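# Structure assessment
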Amino acid sequence: MRVKKAVVPAAGFGTRMLPITSVVPKELLPVCGRPVIQHVVQEAVAAGITEVILVLSEGKEAVADYFRPNKKLAEQLLRTGKHAELQQLERIWDMAKITVVYQQEQLGLGHAVLCAKDAVGNEPFAVLLGDCIIQSDDCGSFTKKLVEAFGSYDRSVVGVEPVDECLIQRYGIFEGAEFEDNVFHGKRVVEKPDPSQTDSNLAFCARYVFSPALFQQLENTQHGLHNEIQLTDAMQKLLETEGLNAVKLEGERFDVGDPKGLLYANLSMMEIHCGE
Ligand code: UTP
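This text gives an overview of the structure that appears in the document.

So, about the site of the ligand. Taken together, 18 residues surround the ligand, and among them Gly-12, Thr-15, Arg-16, Lys-26 and Gln-103 come closest. Phe-13 is positioned with one of its backbone polar atoms (N or O) 3.4 Å from an oxygen atom of the ligand. For the ligand, a nitrogen atom lies 2.7 Å from a polar atom in the side chain of Gln-103. Notes on the ligand: free accessible area 570 Å², of which the protein chains cover 80%. Classifying every residue of the shell around the ligand gives 7 nonpolar, 7 polar and 4 charged.

Glancing now at the packing of aromatic side chains. Scanning the entire structure with this criterion turns up 7 aromatic pairs. The interplanar angle of 85° and the centroid separation of 5.2 Å between the aromatic rings of Tyr-153 and Phe-179 together place this pair among those described as edge-to-face. Of this pair, Tyr-153 sits in helix H7 (residues 142–153) while Phe-179 sits in strand S9 (residues 172–180), placing them 26 residues apart in sequence. For Tyr-153, a relative accessible area of 25% translates into the label partly exposed. On the basis of relative accessibility, which here comes to 33%, the residue Phe-179 falls in the partly exposed class. Measuring from ring centre to ring centre gives 5.6 Å for Phe-254 and Tyr-264, while their planes differ by 65°; the resulting arrangement is edge-to-face. Separated by 10 residues along the polypeptide, Phe-254 in strand S13 (residues 251–255) and Tyr-264 in helix H10 (residues 259–271) bring together distant segments of the chain. Judged by its relative accessible area of 1%, Phe-254 is buried.

All right, on to the environment of Val-160 then. Tracing the backbone through its elements, the reader meets Val-160 in strand S8 (residues 157–162). What makes Val-160 buried here is its relative accessible area of 0%. The spatial distance from the C-alpha of Val-160 to the C-alpha of Arg-207 is 8.2 Å, given a sequence separation of 47 residues. The contacts of Val-160, once residues within four sequence positions are left out, are Phe-142, Phe-174, Leu-202, Ala-203, Phe-204, Cys-205, Ala-246, Val-247, Lys-248 and Leu-249.

Its 12 residues place the ends of H7 17 Å apart at the C-alpha level, agreeing with the 16 Å of an ideal helix rising 1.5 Å per residue. Residues of H7 that are buried in the fold lie against helix H1 (36–45), strand S6 (125–128), strand S7 (132–136), S8, strand S11 (202–210) and strand S12 (245–248). Structurally, the start of H7 carries an N-cap: the backbone nitrogen of Thr-143 is 3.4 Å from a side-chain oxygen of Ser-141. Backbone geometry just downstream of H7 places Asp-154 in the positive-phi region, at approximately 50°.

A surface patch of negative charge is lined by Asp-137, Glu-178, Glu-180, Asp-181, Glu-250 and Glu-252. When its relative accessible area of 30% is taken as the criterion, Glu-252 is described as partly exposed.

This part is about a nonpolar patch on the surface. A contiguous nonpolar patch, built from Leu-263, Leu-267 and Met-270 and spanning about 320 Å² of accessible area, is present on the exposed surface. Tracing the sequence through the fold places Met-270 in helix H10.

The next subject is the pattern of salt bridges. By the definition in use, this model includes 15 salt bridges. Where Arg-68 meets Asp-65, a salt bridge forms, and the shortest distance between an N and an O atom there is 3.1 Å. Classification of Asp-65 as partly exposed rests on a relative accessible area of 42%. When the shortest N-O distance is used, the salt bridge between Glu-191 and Lys-192 registers 2.8 Å. Residue Glu-191 is classed as partly exposed on the basis of its relative accessible area of 26%. Counted as one network, the salt bridges with shared partners bring together Arg-16, Lys-26, Asp-131 and Asp-255.

Counting residues in hydrophobic clusters, the biggest one holds 48 residues, and the most contacted among them are Val-31, Ile-49, Leu-54, Val-209 and Val-256. Counting 37 residues, the second-largest nonpolar core is a separate cluster that includes Ile-53, Ala-116, Phe-174 and Tyr-208.

Before going further, it helps to spend a moment on the environment of Val-23. Within the element layout of this structure, Val-23 appears in the loop between strand S1 (5–9) and strand S2 (30–31). Taking C-alpha positions, Val-23 is 7.7 Å from Gly-59, a pair spaced 36 residues apart along the chain.

Another point: the environment of Leu-54. On the secondary structure map, Leu-54 appears in strand S4 (residues 51–56). Between the C-alpha atom of Leu-54 and that of Gln-217, which follows or precedes it by 163 residues, the distance is 21 Å. Leu-54 has contacts with Val-8, Ile-37, Val-63, Ala-64, Ile-98, Thr-99, Val-100 and Val-101, leaving out every residue within four places of it along the chain.

Definitions and cut-offs
- Residues numbered from 1 in each chain as written.
- Predicted model: local features only at pLDDT ≥ 70, side-chain atom pairs only at ≥ 80, totals over all residues.
- Heavy atoms only, no water.
- Near = heavy atom within 4 Å.
- Polar contact = N/O pair within 3.5 Å; in protein donor to acceptor, adjacent residues only side chain to side chain.
- Areas by Shrake-Rupley, 256 points an atom, 1.4 Å probe, with all protein chains shown as cover.
- Nonpolar A, V, L, I, M, F, W, Y, C, P; charged D, E, K, R; others polar.
- Phe/Tyr/Trp six-rings, centres within 6.5 Å; stacked < 30°, edge-to-face > 60°.
- Helix = DSSP H or I, 4+ residues; strand = E, 2+ residues; numbered from the N terminus.
- Buried < 20%, exposed > 50% of the residue type's maximum accessible area, 1.4 Å probe, protein only.
- Contact = heavy atoms within 4.5 Å.
- Expected span 1.5 Å × (residues − 1).
- Patch = residues over 30% accessible without salt bridge, like charges linked within 9 Å, V, L, I, M, F, W, Y side chains within 5 Å.
- Salt bridge = Lys/Arg side-chain N within 4 Å of Asp/Glu carboxyl O.
- Lys, Arg positive; Asp, Glu negative; His and termini not counted.
- Charge placed at Lys NZ, Arg CZ, Asp CG, Glu CD.
- Core = buried A, V, L, I, M, F, W, Y, C linked by side-chain atoms within 4.5 Å.

Here it is in structure tokens:
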């Protein structure tokens, strides 16, 4: 079944980016002149996604407004002959169907994805974290690679990247065996393990494609640490019932949810020219 929908969790408080995030969502901060969320939605659209479901919290409505036509501004640009500027905006407004769902309480990433259950329905879907930008070495969409892997193996799939041993306990970790170049069968996934508790250094890198069975697994997942529903716990159950693959990223992931990451993304992406 074709993957047409993407869920973009963007309801977090963004406390690592305070004070700006007390009023400006981190997803709207610019990387090379475009807000983070535009990079993320572009990656989804390049993977064939036609509907993007934004998971927002109160006060972050501007993230969705960015994709909505602004009639007054359009009229003003037309009147003053700023056609190129208007075309640029129209490309953003026409990019994809944007649907908004709200997460009333920040109960974790798994809970944020579960909030999109009705909007997704009974079909496979991609998940792209709203505060991570991915730059593939071949300039293509990494989500597209995941969508293709989902199609080839008929199995949910997570994007992974190797991390240094000292970073293992900061990420969800994928343990598995490579059966094709950069494609792995999953044996176990584990959230933020101590390096001594895992033989893998493959960390989730903010991109996933899931079968709709993930929602049932999320509904059956107990609230864990900080009363949060962990996406990794539901992924482990999915792995046990339907299997879970991984595709290794060839490229770079920028976590723009912290000040250093945002600066690094701007500097690195300025150096990369992908035909734009
Ligand atoms: P993070 O933990 O990186 O984001 O979650 P955060 O909570 O906004 O950041 P800090 O730690 O306070 O700075 C990863 C992604 O999951 C979303 C976030 O918006 C981010 O895109 N998320 C997280 C939710 O949508 N809801 C949640 O309850 C938690």
